[in-house]
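# A look at the structure
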Amino acid sequence: MADTPPRALTIAGSDSGGAAGLEADLRAMTACGVHGCVAVTAVTVQNSLGVTGVHLVPPDTVAAQVRAVVTDIGVGAAKTGMLASREIIDAVADVVDEVGVGRGADPDAERRGAGPSTSVPFVVDPVAASMAGEPLLAEDAMEAIRGRLFPRAALATPNLDEVRLLVGITVTDAATAREAAEALHALGPRYVLVKGGHLRGSPEVVDLLFDGERTWEFTGPRIDTPHVHGAGDALASATCAALARGLAMPDAVASAERYIRRAVAESYPLGAGVGPVSPLWAVQPHR
Ligand SMILES: Nc1ncnc2c1ncn2[C@@H]1O[C@H](COP(=O)(O)OP(=O)(O)OP(=O)(O)O)[C@@H](O)[C@H]1O
Ligand SMILES: Cc1ncc(COP(=O)(O)O)c(N)n1
């Protein structure tokens, strides 16, 4: 018998194609040495061509999954993916306060020097749409992510489309990325990671981490692949896994950045559309 490994929780939707969503999250967490638990928010009918159906889980069932996992198994970090509706976001905000995940209802207590409200870091990936553009979040729900989840977040990880929805800034270069990071940080997350994957004309991918004062730039060549389904989910999950293993935020993001660049480089075709980033290089086939 082995020792119990670190645990992390993803609160996310399922992708039947096994490329994005909680399937990507669990793969990334496993590859990063962490036992992944789930609170399922929605079942999507999805493949490499896109999303053709969505079935929502009742908000109290989402909250009950979070409660069941945290009170028995315990987690070192948690993250969100597809949250689908305002009602699910409200249920998640309430239950994370109840079980002691995230910074609590008054993150300013921490800023005032009263110490963190809780010790379980909460990563909020404000998923709004699939890579093909199908909505994964109700139109009125981004306001709830901004108002109810960002203040509880240790880290928010928007892509550039989500940045535009959240703070109305179109990122085109380093100066606008910094401007966006400041505007996002003012909404309450302790750290913000502005992801540059969507700046498709650029030969480099730059992800910018900001804590309100300091910035960390994670820069690498843009890898020539169309198969980036689930890249954002995998990056947030690898960060969450590193936090669950006890790394401090900048080190956790640096470790996840190393993981995602390798996963993008090892991405593979799947079906007739867009394939996934891959963790398979990190997993030995069973013999
Ligand atoms: N072509 C690429 N080359 C190198 N790194 C990439 C590439 N595409 C994505 N990445 C990495 O993956 C991260 C997530 O991608 P992106 O910015 O597209 O976020 P996302 O839209 O949330 O992801 P997705 O929608 O694909 O799940 C980027 O921040 C970057 O670190
Ligand atoms: C259930 C679910 N969650 C998240 C995504 C976003 O991932 P991507 O932007 O790669 O489509 C998705 N497509 N499906």
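Residues numbered from 1 in each chain as written. Chains lettered and ligands numbered in written order. Predicted model: local features only at pLDDT ≥ 70, side-chain atom pairs only at ≥ 80, totals over all residues. Heavy atoms only, no water.

In the nomenclature of an unreviewed UniProt entry, the protein corresponds to Hydroxymethylpyrimidine/phosphomethylpyrimidine kinase from the organism Actinomycetospora cinnamomea. Turning to the protein, the UniProt annotation filed under Pathway (unreviewed entry) states: "Cofactor biosynthesis; thiamine diphosphate biosynthesis; 4-amino-2-methyl-5-diphosphomethylpyrimidine from 5-amino-1-(5-phospho-D-ribosyl)imidazole: step 3/3." The protein has a UniProt comment under Function (unreviewed entry) that states "Catalyzes the phosphorylation of hydroxymethylpyrimidine phosphate (HMP-P) to HMP-PP, and of HMP to HMP-P." (UniProt positions renumbered as here; feature names shortened; annotations may be inferred.)

Phi is positive for A84, which is not a glycine, with a value near 70°. Using a relative accessible area of 8% as the deciding quantity, one classes A84 as buried. (Buried < 20%, exposed > 50% of the residue type's maximum accessible area, 1.4 Å probe, protein only.)

Near ligand 2 you find 14 residues, and of these Q46, M131, H229, G230 and D233 are the closest. Here a nitrogen atom of ligand 2 and a side-chain polar atom of Q46 are 2.8 Å apart. One of the backbone N or O atoms of M131 is found 2.8 Å from an oxygen atom in ligand 2. Burial of ligand 2 by the protein amounts to 92% of the accessible area it has alone, namely 360 Å². Taken together, the elements giving at least two residues each to the shell around ligand 2 come down to β1 (7-15) and β2 (35-47). When the residues that make up the shell around ligand 2 are grouped by side-chain class, the tally is five nonpolar, eight polar and one charged. (Near = heavy atom within 4 Å. Polar contact = N/O pair within 3.5 Å; in protein donor to acceptor, adjacent residues only side chain to side chain. Areas by Shrake-Rupley, 256 points an atom, 1.4 Å probe, with all protein chains shown as cover. Helix = DSSP H or I, 4+ residues; strand = E, 2+ residues; numbered from the N terminus. Nonpolar A, V, L, I, M, F, W, Y, C, P; charged D, E, K, R; others polar.)

Ranked by size, the top nonpolar core spans 57 residues in total, and within it L9, I11, V92, F122 and L149 carry the most contacts. Tallying contributions element by element places helix α3 (residues 86-99) first for this core, with eight residues. With 33 residues, the next largest nonpolar core counts C32, A242, Y259 and V264 among its residues. (Core = buried A, V, L, I, M, F, W, Y, C linked by side-chain atoms within 4.5 Å.)

Attention now moves to the UniProt feature "domain: Pyridoxamine kinase/Phosphomethylpyrimidine kinase" (unreviewed entry) in the protein. In this structure's numbering, the residues bearing the UniProt feature "domain: Pyridoxamine kinase/Phosphomethylpyrimidine kinase" (unreviewed entry) are residues 15-101 and 120-277. As a span, residues 15-101 carries 46% helix and 29% strand, and end to end its C-alpha atoms are 25 Å apart. End C-alpha to end C-alpha, residues 120-277 measures 28 Å, and it is 37% helix and 15% strand.

Let us now look at the sheet that holds strand β8 (residues 204-210). Judged by pairing direction, the sheet is mixed, and its nine strands sit side by side in the order β3-β2-β1-β4-β5-β6-β7-β8-β9 without closing on themselves. Whereas interior strands pair on both sides, the edge strands pair on one side only; in this sheet they are β3 (50-56) and β9 (215-221). Summarising the sheet, strand β6 (residues 155-156) and strand β7 (residues 191-194) pair through two bridges and their orientation is parallel. Paired with A156 across the bridge in β7 is V192. (Pairing = 2+ DSSP bridges.)

Moving on, we get to the site of ligand 1. Around ligand 1 sit 19 residues in total, of which N159, K195, H198, D207 and V228 are the nearest. G197 has a polar backbone atom sitting 3.0 Å from an oxygen atom of ligand 1. One of the backbone N or O atoms of V228 is found 2.8 Å from an oxygen atom in ligand 1. When ligand 1 is considered free in solution it has 610 Å² of accessible area, and contact with the protein chains removes 93% of it. For the shell around ligand 1, the elements supplying multiple residues, two or more each, are β8, α8 (231-244) and α9 (249-265). Each residue belonging to the shell around ligand 1 can be placed in one class, and the counts come to eight nonpolar, five polar and six charged.

A few words on the pattern of salt bridges. What the rule picks out here adds up to 15 salt bridges. A salt bridge links D207 to R261, with the nearest nitrogen and oxygen atoms 3.6 Å apart. In this pair, D207 is assigned in strand β8 and R261 in helix α9, connecting sequence segments 54 residues apart. Classification of D207 as buried rests on a relative accessible area of 4%. (Salt bridge = Lys/Arg side-chain N within 4 Å of Asp/Glu carboxyl O.)

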